[in-house]
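These are the residues of each chain, in order.
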Amino acid sequence: MVSPRLRRGQSLLLVLLLHLRLCFLHLGTCHRAQKKQADGTRALARTMEKNNNNNNNNNNHAILVDASRFWFNYRHAANTLAMYKTIKRFGIPDENIILMVADDYACNSRNVRPGEVFTDDSGYENNVYTEDIEVDYRGDEVTPANVLKVLLDAHYDSGSSSFAKDASDDDSNSILLNLPNSKRLRTDEHSNILFYLTGHGGDEFLKFQDQKEITSMDLQNAFTKMHAMKRYNELLFVVDTCQAGTMFKRFNGLRNIIAVASSMKDENSYAHGTRNDIGLAVSDRFTRFLYEYLKSENAEEITLREVFAKAQSPQMKRYLMSTVQVDWSNYGEGRALNDVKVGDFFANVRVRGHRRGSDARKSNDDKVEEEVYATILPGFATASRFSSSEKLV
């Protein structure tokens, strides 16, 4: 007769064996899953390498900055998110984008459409705050110091004696922070960078959250260091604020930098209309022109000179109520100016349809121009062709 103690021992042994079997089965499943994941990762890496070899615009990056907080500055966040949507549509992935938004307007209690941000005066089709948004810096993280740190990839702790310095500086009191890549601009000497700023500004400064400022000299120094550190190949600086042109007043001796601003000294930059359900303007005129114009067919192939010429035309100046400033003086190395295209900064993978020849382009110009201006300027007469000699009514 088997004793009760022996039976309990046999039962425990059986349970232990069963547990060990389950463990081995689990380990085998995990190993197969890891192997499958590793195979998938290697396949993805091969695909990415192949795409990189076939695409000469695979190293484009962007820094998009909304510097304003408070509900009445809704439009500045909408500007930035609209630019974010534009470059995402052109193929720049989130890992190449640093998105800074100083306030969370989508979740503000005064937002009648929670979780949404719009750039149109009416309707709910053009929501720019969608599920694929990846905000890298938000709220109090959006500061001049963090912008400069991102530009220089010089992320030191707040106790450091220098908030934006290149990595070669010797300072024993500085501690380099181990930030995730999503908060770092991982560029090199082959990278093209789009740097977009919007907010409230004045003569040679742009305010951050009504507390601090970034100045023209700050940017001059940062860009000079970036070139010395081989942080970029070409850089397009776009700023939409009052007296925006003064933000590149100090730009001297820089390399391969194009700067464009919504207004000149002593000029304001104006908002576009008011949305009734929100009670605020939801976009600024210059940024609105830019992202609407880039909805044109084959927009990646349009030259920057053409875009800026449209922005400086009498028709658009009447709409903007300001004078767009463009500075090419620090762009001289390498390509001819007429070869610099929208896709060189706003796109990562060029989705090319048929390349428009000179004759096809000439035949389409009036139609594209008419459509773009009709979109930007509600009520504009679309029945007749729009020519550069006509005036807005």
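This is a predicted model, so every value here is computed, not measured.

Participant: Is there a simple way to explain the packing of aromatic side chains in this structure?
Facilitator: Aromatic ring pairs: the centre-centre distance and the angle between the two ring planes describe each pair. This structure, assessed with the given rule, holds 14 aromatic pairs. Between Phe 118 and Tyr 124 the ring centres are 5.5 Å apart and the planes differ by 70°, which places this aromatic pair in the edge-to-face class. Tyr 124 sits in the partly exposed class, given a relative accessible area of 41%. Each ring, one from Trp 328 and one from Tyr 331, has its centre 6.4 Å from the other, and the planes form 75°; the classification is edge-to-face. You can call Trp 328 buried: its relative accessible area is 18%. Feature note: the residues Phe 195, Phe 223, Phe 237, Phe 248 and Phe 251 constitute an aromatic cluster, connected by ring pairs. Positioned above the aromatic ring of Phe 70 is the side chain of Arg 69, whose terminal nitrogen or guanidinium carbon lies 5.6 Å from the ring centre.

Participant: What should I look at first to understand the pairing of strand S8 (residues 234–240) in this one?
Facilitator: For a regular strand, side chains alternate in direction, first toward one face of the sheet and then toward the other. In terms of residue burial, S8 counts as a mostly covered element, since 7 of its 7 residues are buried. Here S8 shows two buried faces, one formed by Glu 234, Leu 236, Val 238 and Asp 240 and the other by Leu 235, Phe 237 and Val 239. Note that strand S4 (residues 192–198) and S8 share 7 bridges and pair parallel. Within the sheet, the bridge partner assigned to Leu 194 lies in S8 and is Leu 236.

Participant: Just checking my understanding: could you explain the nonpolar core for this structure?
Facilitator: Where a protein is soluble and globular, its nonpolar side chains tend to be buried together. Residues Leu 64, Tyr 74, Leu 236, Ile 258, Leu 304 and Phe 346 are the most contacted members of the largest nonpolar core, which totals 56 residues. Ranked by residue count, the leading element in this core is helix H2 (residues 74–89), at 8 residues. Setting aside residues up to four positions removed in sequence, Leu 64 forms contacts with Thr 80, Met 83, Tyr 84, Ile 87, Ile 97, Ile 98, Leu 99, Met 100, Leu 194 and Tyr 196. Core analysis: the second largest hydrophobic core is formed by 38 residues, Val 65, Leu 151, Ala 222 and Phe 223 among them.

Participant: What should I look at first to understand unusual backbone geometry in this one?
Facilitator: Note: most residues except glycine have negative phi, and most peptide bonds are trans. Positive phi outside glycine occurs at Asn 256, with the angle close to 55°. Taking the relative accessible area as the measure of exposure, Asn 256 reaches 8% and is therefore buried. A positive phi angle, close to 55°, is found at Asn 298, a residue other than glycine. Following the sequence through the fold, Asn 298 ends up in the loop between helix H5 (285–293) and helix H6 (304–311).

Participant: Any chance you could explain the packing of H2 against H5 here in plain terms?
Facilitator: Packed helices, taken two at a time, are described by the angle their axes make and the gap between the axes. Close contact between H2 and H5 brings their axes to 10 Å; oriented N to C, the two are set at 15°. In terms of axis orientation, H2 runs roughly parallel to H5. Considering how the two elements wind past one another, H2 and H5 form a crossing that is left-handed. Of the residues in H5, those touching H2 at Asn 79, Ala 82, Met 83 and Thr 86 are Thr 287, Leu 290 and Tyr 291. Broken down by class, the residue content of the contact of H2 with H5 amounts to 4 nonpolar, 3 polar and no charged.

Participant: I tried to follow the pattern of salt bridges on my own but got confused; where do I start?
Facilitator: Counted under the stated rule, the structure contains 16 salt bridges. The closest approach of N and O atoms between Arg 69 and Asp 140, which form a salt bridge, is 3.3 Å. Of this pair, Arg 69 sits in the loop between strand S1 (60–66) and H2 while Asp 140 sits in the loop between strand S3 (137–138) and helix H3 (144–152); the two residues are 71 residues apart in sequence, bridging distant segments of the chain. Look at Arg 69 and you get partly exposed, because its relative accessible area is 22%. The closest approach of N and O atoms between Asp 94 and Lys 88, which form a salt bridge, is 3.0 Å. Via salt bridges that share partners, Lys 85, Lys 88, Asp 94 and Asp 132 belong to a single interconnected network.

Participant: What am I meant to see in the environment of Glu 300 here?
Facilitator: Structurally, Glu 300 can be placed in the loop between H5 and H6. Look at Glu 300 and you get buried, because its relative accessible area is 8%.

Participant: Looking at this model, I keep getting lost on the sheet that holds strand S7 (residues 212–215). Mind explaining?
Facilitator: Two strands in a sheet stick together by hydrogen bonds in their backbones, pointing the same way (parallel) or opposite ways (antiparallel). Taken together, 3 strands build an open sheet; the order of strands is S5-S6-S7 and the sheet is antiparallel. Of all strands in the sheet, those with a lone pairing partner are strand S5 (201–202) and S7, marking the two edges. Strand direction decides the pairing type here: strand S6 (residues 205–208) and S7, joined by 4 bridges, are antiparallel. Its bridge partner being in S7, Lys 207 is matched across the sheet by Glu 213. Across the sheet, H3 is in contact with S6 and S7; its angle to S7 comes to roughly 40°.

Criteria and cut-off values
- Residues numbered from 1 in each chain as written.
- Predicted model: local features only at pLDDT ≥ 70, side-chain atom pairs only at ≥ 80, totals over all residues.
- Heavy atoms only, no water.
- Phe/Tyr/Trp six-rings, centres within 6.5 Å; stacked < 30°, edge-to-face > 60°.
- Buried < 20%, exposed > 50% of the residue type's maximum accessible area, 1.4 Å probe, protein only.
- Lys NZ or Arg CZ within 6 Å of the ring centre and 35° of its normal.
- Helix = DSSP H or I, 4+ residues; strand = E, 2+ residues; numbered from the N terminus.
- Pairing = 2+ DSSP bridges.
- Core = buried A, V, L, I, M, F, W, Y, C linked by side-chain atoms within 4.5 Å.
- Contact = heavy atoms within 4.5 Å.
- Axes fitted to C-alpha atoms, helices over the stretch in contact; angles between N-to-C directions.
- Parallel < 35°, antiparallel > 145°, perpendicular 65-115°, else oblique.
- Left-handed = near helix turned anticlockwise from the far one by under 90°.
- Nonpolar A, V, L, I, M, F, W, Y, C, P; charged D, E, K, R; others polar.
- Salt bridge = Lys/Arg side-chain N within 4 Å of Asp/Glu carboxyl O.

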